[in-house]
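Take a look at the letters that make up each chain.
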Amino acid sequence: MNGPLYDADKPREACGVAGVWGPAGHHAALVREMLVALQHRGQESVGIAVGTGAALVARHGAGTVAQGMPDLDGLPHGPVAVGHVRYATHGARDGLAGAQPVVLDRPPLALAHNGTLVDPHTAPGAEAIDPARWATDSELMAHLLLARRAAAGVDTSAALHAVLPGLTGAYALVLSDGTQLYGVRDPHGFRPLALGRRGDAWLLASETAAITAVGGEVVRELEPGEVLTIGPHGTASSRVPVPDAKTAACLFEYVYFARADSALSGRSVYQARYRAGQALADYAPVTGSPRPVVVATPETARVAADGYAERSGLRVVQGLLRPGAVGRSFIAGDPAARETTVRRKLAPVAAAVAGQRVVLVDDSLVRGTTMRTVTGLLRRAGAVEVHLRVASPPYRWPCFYGIDTGRPEELLAARLPITELAEQLGCDSVAFLSLDRLLEAAGGDPSGYCTACLTGRYPTAIPAGALAAPATRPQPGTRSGTALASRGTVE
Ligand SMILES: O=P(O)(O)OC[C@H]1O[C@H](OP(=O)(O)OP(=O)(O)O)[C@H](O)[C@@H]1O
Ligand SMILES: NC(=O)CC[C@H](N)C(=O)O
Ligand code: SF4
Ligand SMILES: [Mg+2]
């Protein structure tokens, strides 16, 4: 199937890519360590390809790194290695189907991709690639690069410069031709990619946290549109020749996707989340007596909840626990099955919330799967009031750049007016952080972000007919604004 998938029940993340170049060693081990640090970005499959100079040797497995690649048997030593953890956003999803790095030979090419191409089949040259040979946007990209190399007799770098300008959408890439390592960010810079150093090895990773997690030093993040070549002759940087591409870094990386210990464009994700929580407290305090307690929705919302509590002078209580190493879960099945899964994942602590007025903080509201269940759990555990505070604006528009958020009509805030959300979610009140305040919390140039899922303003063309709108959907270009609703009224 060559089309975006919309059947996930939770926001699906963005894939993790990693690479190492250095004097020949067991770089697969280092790449594997980085993939473990990027596991939150993809749990459907894992793969590592090692370049030995003349050839690439690869292994792929289904599931997490621990499940799909429990050892490195069969992966040789070599100067270069490329790795990937995947959540499918295009094409095959199950198990090994669509696993990356995509590995082709004659000449060898390994490609690890984070992001999604918009309408990849319309890319120049795609018509010449046998449709039977590709099922994902990433596989098509690899074939386009190889076709270019073969036809023009050029090297990988020249092929990248020829093929990439014809592609629309998001791609942070780590590639190898067996001897060199390449890092690429698309001209909008939708997805992050960082360069690091450990000893005499160069590292590339989706997030800086994966570099520091292996004891490496972050050198810098790649620029939007940069093509970085790393090899025996050092590093060389060039640009994808796309004039006038405006930077549109994914704002949701700060909200949810990236690890709190990562930096994006040099700015701490932790600080952005903390500031977002503080701003939410300024805008949407919960007053009255008895004084409420703040409960974070584990895991990602913990930092925003801390910021909210600090600014409002309220106590954080561990009203929800996440027992065991459940990780981010992407749940299949009907609504009842989803609720059961959330219940298994999050346990209310009656001793912390019974008799309390609760300010429940989450980082985002996408389908409402989490909140629909959690508010009930807290009430049954004895909470007398539940006030939901969300540290980002309502998520109303589908992403076409590497996140699979479900069918457009499944986005709860797109279906329901804010005034009906509190009722629907079983809360006493609901408030969202405004886009302006979120941008302020993230920092940097506010016009340098993609905010399409919050505003409907897409930085690129999107697939025709993709926004066949549900009746209540806001019009493109409307600002989400700060929204605060208690049952039946907008305050
Ligand atoms: O409205 P929804 O469709 O439920 O999506 C939003 C929720 O999904 C994510 O949590 P998740 O449990 O996936 O990951 P986390 O442990 O990192 O918070 C996010 O942090 C929100 O809690
Ligand atoms: N989440 C992602 O970045 C996915 C990459 C690519 N589009 C795939 O489906 O494999
Ligand atoms: S649409 Fe949303 S999730 Fe997708 S890249 Fe833009 S900000 Fe990120
Ligand atoms: Mg969460």
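Residues numbered from 1 in each chain as written. Chains lettered and ligands numbered in written order. Predicted model: local features only at pLDDT ≥ 70, side-chain atom pairs only at ≥ 80, totals over all residues. Heavy atoms only, no water.

- Under an unreviewed UniProt entry, the name given to the chain is Amidophosphoribosyltransferase, and the organism recorded is Streptomyces bugieae.
- For the record of the chain, the UniProt heading Catalytic activity (unreviewed entry) holds the text "5-phospho-beta-D-ribosylamine + L-glutamate + diphosphate = 5-phospho-alpha-D-ribose 1-diphosphate + L-glutamine + H2O".
- Quoted verbatim from the Sequence similarities (unreviewed entry) field of the UniProt record, the comment on the chain reads "In the C-terminal section; belongs to the purine/pyrimidine phosphoribosyltransferase family." (UniProt positions renumbered as here; feature names shortened; annotations may be inferred.)

Quick notes on the site of ligand 1
Then, in step 1: Residues in close proximity to ligand 1 total 18 residues, the closest being Thr300, Arg322, Lys345, Asp363 and Thr370.
Then, in step 2: Between an oxygen atom of ligand 1 and a side-chain N or O atom of Thr300, the distance comes to 2.4 Å.
Then, in step 3: Side-chain polar atom of Asp362 to an oxygen atom of ligand 1: 2.7 Å apart, as the coordinates give it.
Then, in step 4: The residue makeup of the shell around ligand 1, split by class, is 5 nonpolar, 5 polar and 8 charged. (Near = heavy atom within 4 Å. Polar contact = N/O pair within 3.5 Å; in protein donor to acceptor, adjacent residues only side chain to side chain. Nonpolar A, V, L, I, M, F, W, Y, C, P; charged D, E, K, R; others polar.)

Remarks on the site of ligand 2
Then, in step 1: Neighbouring ligand 2 are 16 residues, the closest being Ala14, Cys15, Arg86, Gly115 and Asp137.
Then, in step 2: One nitrogen or oxygen atom from the side chain of Arg86 is found 2.5 Å from an oxygen atom belonging to ligand 2.
Then, in step 3: Asn114 is positioned with one of its side-chain polar atoms (N or O) 3.0 Å from an oxygen atom of ligand 2.
Then, in step 4: Notes on ligand 2: free accessible area 300 Å², of which the protein chains cover 100%.
Then, in step 5: At the level of elements, β6 (109-114) and α3 (137-152) are the ones that each hand at least two residues to the shell around ligand 2.
Then, in step 6: Classifying every residue of the shell around ligand 2 by side-chain character gives 4 nonpolar, 9 polar and 3 charged. (Areas by Shrake-Rupley, 256 points an atom, 1.4 Å probe, with all protein chains shown as cover. Helix = DSSP H or I, 4+ residues; strand = E, 2+ residues; numbered from the N terminus.)

Observations regarding the environment of Leu454
Then, in step 1: Tracing the sequence through the fold places Leu454 in helix α15 (residues 452-455).
Then, in step 2: The class of Leu454 is buried, set by a relative accessible area of 1%. (Buried < 20%, exposed > 50% of the residue type's maximum accessible area, 1.4 Å probe, protein only.)

As for the packing of aromatic side chains
Then, in step 1: This model, assessed by the stated rule, comprises 8 aromatic pairs.
Then, in step 2: Here Phe190 and Tyr401 contribute two aromatic rings whose centre-to-centre distance is 4.1 Å and whose plane-to-plane angle is 15 degrees, an arrangement assigned as stacked. Here Phe190 is found in the loop between β8 (181-185) and β9 (194-198), whereas its partner Tyr401 is found in the loop between β22 (385-390) and α12 (412-415), with 211 residues between them in sequence. Of the two residues, Phe190 and Tyr401, both sit in the buried class.
Then, in step 3: Feature note: the residues Phe190, Phe400, Tyr401 and Tyr458 constitute an aromatic cluster, connected by ring pairs.
Then, in step 4: Over the ring of Trp202 we find Arg197; its NZ or CZ atom is 4.0 Å from the centre of that ring. (Phe/Tyr/Trp six-rings, centres within 6.5 Å; stacked < 30°, edge-to-face > 60°. Lys NZ or Arg CZ within 6 Å of the ring centre and 35° of its normal.)

Some remarks on the sheet that holds strand β3 (residues 56-62)
Then, in step 1: The strand order β3-β2-β4-β1-β10-β9-β11 describes an open sheet built from 7 strands, whose pairing is antiparallel. The strands lining the two open edges of the sheet, one partner per strand, are β3 and β11 (217-221). On average, each strand axis in the sheet is tilted by 15 degrees relative to the strand beside it, whichever way the strands run.
Then, in step 2: Taken together, the 4 bridges between β9 and β11 define a ladder with antiparallel strand orientation. Looking at the pairing, Gly196 lines up with Val218 of β11.
Then, in step 3: Helix α1 (residues 27-37) contacts β1 (16-25), β2 (45-51), β4 (78-86), β9 and β10 (201-205) of the sheet and is inclined by roughly 155 degrees relative to β1. (Pairing = 2+ DSSP bridges. Axes fitted to C-alpha atoms, helices over the stretch in contact; angles between N-to-C directions. Contact = heavy atoms within 4.5 Å.)

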